[in-house]
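# Reading the structure
Single-letter residue listing:
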Amino acid sequence: MGNSVSELQVNIQMVDLQRQYHRLQNEIDAALLATVEKGQFINGPEVKSFAGKLADYLDVPYVIPCANGTDALQIALMALTLKPGDEVIVPAFCYVAAAEVVALLGLTPVWADVDPDTFMVTADTLAKACSSRTKAIVVAHLFGQCCDMDSILSFASKQNLYVIEDNAQSMGAVYRFPGGQTRMAGTMGVIGTTSFFPSKPLACYGDGGAMFTHDQQLANTLRMIANHGQQSKYHHQRVGCNSRLDSIQAAVLEVKLSHLDEFNKARQKVADTYDEGFKRCKGIKVPQRTASSTHVFHQYTLQVNNGKRDALQQFLKRRNIPSMVYYPLPLNEQHAFRQAVRPVEKLEVASQLCKTVLSLPIHTAMREDEIQYIIQQVNAFFESDGLQAGCE
Ligand SMILES: *Cc1c(COP(=O)(O)O)cnc(C)c1O
């Protein structure tokens, strides 16, 4: 590797937002300055314009921006006709947001286990969590690809359940139904939600989020809840909240949306290179791709066998390669949820995954030499048969 290693050592990041900014600098700077110049920082024309562009991109009639992805889930749940104690099924292996807002609203979270290849809930794992009190399901399109929506939607329609899609991690992924028709991730359930947190596939320079729906009445309700439950100014129809996307974030998002497909392709290329580089590596399982969805690789998540995950992570860290464990603890084992939930049988896959997953750096501006360096070091760890790793 010679000289390039020491140079690489300071540069590799899980997500490199600085490098991405420098590539888009002219467009972003112009959009930011124009927004500041106009001075309409809340509900400015940028918010409307971005929401319209995102609606076109997703092929969905209504996009309702809000303050962040967690709020989007909360407002979505508030808009459905649910009563305290109603059960909402959420994935046990996931970010905390969905379970958190379910509990916060006085609804009862119920855990669903996940599939060991895709990390996501399936119609089967949902069925195990379902009871006569179940009213809704929140599915998350995790790490960049869609859940098996065809079977999930038919399960939900048989059981008469709402499906909310948490699409914070898979914006731009395309789902293909068995009949051949395609839909964008986040537009298949009754409401889709997303986050524009800076590291997400479609991201701003702060906090932001949005909800999507095909239903006009629901769109009005979502909009009203996000705006203090106001039907018209100072006339409050219901108890709502204050959840807004600001104009500066919308201006950034409109620029980034125009590059989203190209960004997703860039991450797919990194994932393809990783897959190829790990072909002969026995100690890991590379992320599996489902046949029914494209994968936009928000994360590239390995499963590391034989209890070597933490040793691999330390080994990489010493070589200045960052990696992350998404997620270290299943939600059913979190202290916060020891009471608010209805327990279910066993969540074996979720707890197993928490011990084996490791996500490698992946972003839109990775250099080939960085990817090759990471591949070389992961392979080196296993070639040393863990011996070196164990005593280093
Ligand atoms: C990031 C994320 C959220 C929460 O988004 P915020 O904007 O941080 O509130 C929700 N669900 C999933 C799956 C996420 O990855």
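- Per an unreviewed UniProt entry, the recorded name for the protein chain is dTDP-4-amino-4,6-dideoxygalactose transaminase, and the organism is Macellibacteroides fermentans.
- Taken verbatim from the UniProt record of the protein chain, the Sequence similarities (unreviewed entry) comment is "Belongs to the DegT/DnrJ/EryC1 family."

### Regarding the environment of Leu-253
- Along the chain, Leu-253 falls in helix H9 (residues 247–257).
- The class of Leu-253 is buried, set by a relative accessible area of 0%.
- Residues Leu-253 and Phe-196 lie 57 residues apart in sequence; the distance between their C-alpha atoms is 8.2 Å.
- When neighbours within four sequence positions are excluded, Leu-253 is seen to be in contact with Phe-50, Phe-196, Leu-202, Ala-203, Cys-204 and Leu-245.

### Some points on the sheet that holds strand S3 (residues 108–112)
- Read from one edge of the open sheet, 7 strands run S1-S9-S8-S5-S4-S2-S3, paired in mixed fashion. Of all strands in the sheet, those bounded by a partner on one side alone are strand S1 (62–66) and S3. Strand-to-strand twist of the sheet, defined as the mean angle between neighbouring strand axes without regard to direction, takes the value 25°.
- Note: strand S2 (residues 87–91) against strand S4 (residues 134–140), 3 bridges, orientation parallel. Looking at the pairing, Val-88 lines up with Ala-136 of S4.
- Across the sheet, helix H5 (residues 97–104) touches S2, S3 and S4, and the angle it forms with S3 is around 150°.
- The strands touched by helix H8 (residues 216–226) within the sheet are S1, strand S8 (191–195) and strand S9 (209–213), with S1 carrying the most contacts at an inclination of about 10°.

### Some details on the packing of aromatic side chains
- The full count for this structure, using the stated rule, is 16 aromatic pairs.
- Aromatic pair Phe-50 and Phe-196: ring centres 5.5 Å apart, planes at 75°, arrangement edge-to-face. You can see Phe-50 sitting in helix H3 (residues 45–58) and its partner Phe-196 sitting in the loop between S8 and S9, a full 146 residues away along the chain.
- Look at Phe-50 and you get buried, because its relative accessible area is 1%.
- In textbook terms, an aromatic cluster arises when at least three aromatic residues are bridged by ring pairs, as seen for Phe-93, Phe-119, Phe-143, Tyr-326 and Tyr-327.
- Sitting above the plane of the Tyr-95 ring, Lys-200 keeps its charged end 5.7 Å from the centroid.

### Digging into the environment of Leu-358
- For Leu-358, the position within the fold is in strand S14 (residues 357–360).
- Note: C-alpha distance between Leu-358 and Arg-309 (49 residues apart in sequence) is 6.9 Å.
- In this structure Leu-358 touches Tyr-300, Thr-301, Leu-302, Val-304, Arg-309, Leu-312, Gln-313, Leu-316, Ser-323, Met-324 and Val-325, once residues within four positions along its chain are discounted.

### Quick word on the site of the ligand
- In the vicinity of the ligand, the contacting residues are Asn-68, Gly-69, Thr-70, Tyr-95, Ala-97, Asp-166, Ala-168, Gln-169, Ser-195 and Lys-200.
- Gly-69 is positioned such that a nitrogen or oxygen atom in its backbone is 2.8 Å from an oxygen atom of the ligand.
- Protein chains bury 93% of the 380 Å² of accessible surface belonging to the ligand in isolation.
- Across the shell around the ligand, the residue classes tally to 3 nonpolar, 5 polar and 2 charged.

### Topic: the environment of Val-252
- Of note, Val-252 is situated in helix H9.
- Taking the relative accessible area as the measure of exposure, Val-252 reaches 2% and is therefore buried.
- Setting aside anything within four residues of it in sequence, one finds Val-252 in contact with Ile-28, Leu-32, Ala-203, Cys-204 and Tyr-205.

### Brief notes about the nonpolar core
- Grouped together as the largest cluster of nonpolar side chains are 100 residues, with contacts concentrated most on Val-88, Phe-93, Trp-111, Tyr-274, Phe-278 and Tyr-300.
- Domain assignment of the residues forming this core places at least three in each of domain 1 (5–21 + 259–383) and domain 2 (24–257).
- Residue contacts for Tyr-300: discarding those within four places in its chain leaves Ala-271, Tyr-274, Asp-275, Phe-278, Val-286, Pro-287, Leu-358, Ser-359, Leu-360 and Ile-362.
- Formed by 21 residues, the second largest nonpolar core is a distinct cluster that contains Val-63, Met-184, Ala-210 and Leu-253.

### Quick look at the pattern of salt bridges
- Under the defined criterion, the tally for this structure stands at 13 salt bridges.
- Here Arg-309 makes a salt bridge to Asp-310, at a shortest N to O gap of 2.7 Å.
- The partner of Arg-367 in a salt bridge is Asp-369, with the nearest N and O atoms 3.1 Å apart.
- By relative accessible area, which is 27% here, Arg-367 ends up partly exposed.
- Judged by relative accessible area, Asp-369 falls into the partly exposed class, the value being 31%.
- A network of salt bridges, in which partner residues are shared, links Asp-16, Arg-19 and Glu-370.

### Quick look at the UniProt feature "modified residue: N6-(pyridoxal phosphate)lysine" (unreviewed entry) in the protein chain
- Mapped onto this numbering, the UniProt entry annotates "modified residue: N6-(pyridoxal phosphate)lysine" (unreviewed entry) at Lys-200.
- Within the secondary structure, Lys-200 is located in the loop between S8 and S9.

### Considerations on the confidence of the model for the protein chain
- Looking at the protein chain as a whole, its pLDDT mean stands at 94, while 95% of the residues score no less than 70.
- Segment residues 386–392 is flagged for pLDDT under 50; beyond a separation of four residues in sequence, or across chains, it makes 10 contacts in the model.

About the thresholds
Residues numbered from 1 in each chain as written. Predicted model: local features only at pLDDT ≥ 70, side-chain atom pairs only at ≥ 80, totals over all residues. Heavy atoms only, no water. UniProt positions renumbered as here; feature names shortened; annotations may be inferred. Helix = DSSP H or I, 4+ residues; strand = E, 2+ residues; numbered from the N terminus. Buried < 20%, exposed > 50% of the residue type's maximum accessible area, 1.4 Å probe, protein only. Contact = heavy atoms within 4.5 Å. Pairing = 2+ DSSP bridges. Axes fitted to C-alpha atoms, helices over the stretch in contact; angles between N-to-C directions. Phe/Tyr/Trp six-rings, centres within 6.5 Å; stacked < 30°, edge-to-face > 60°. Lys NZ or Arg CZ within 6 Å of the ring centre and 35° of its normal. Near = heavy atom within 4 Å. Polar contact = N/O pair within 3.5 Å; in protein donor to acceptor, adjacent residues only side chain to side chain. Areas by Shrake-Rupley, 256 points an atom, 1.4 Å probe, with all protein chains shown as cover. Nonpolar A, V, L, I, M, F, W, Y, C, P; charged D, E, K, R; others polar. Core = buried A, V, L, I, M, F, W, Y, C linked by side-chain atoms within 4.5 Å. Domains from an automatic or database assignment. Salt bridge = Lys/Arg side-chain N within 4 Å of Asp/Glu carboxyl O. pLDDT = per-residue confidence, 0-100.

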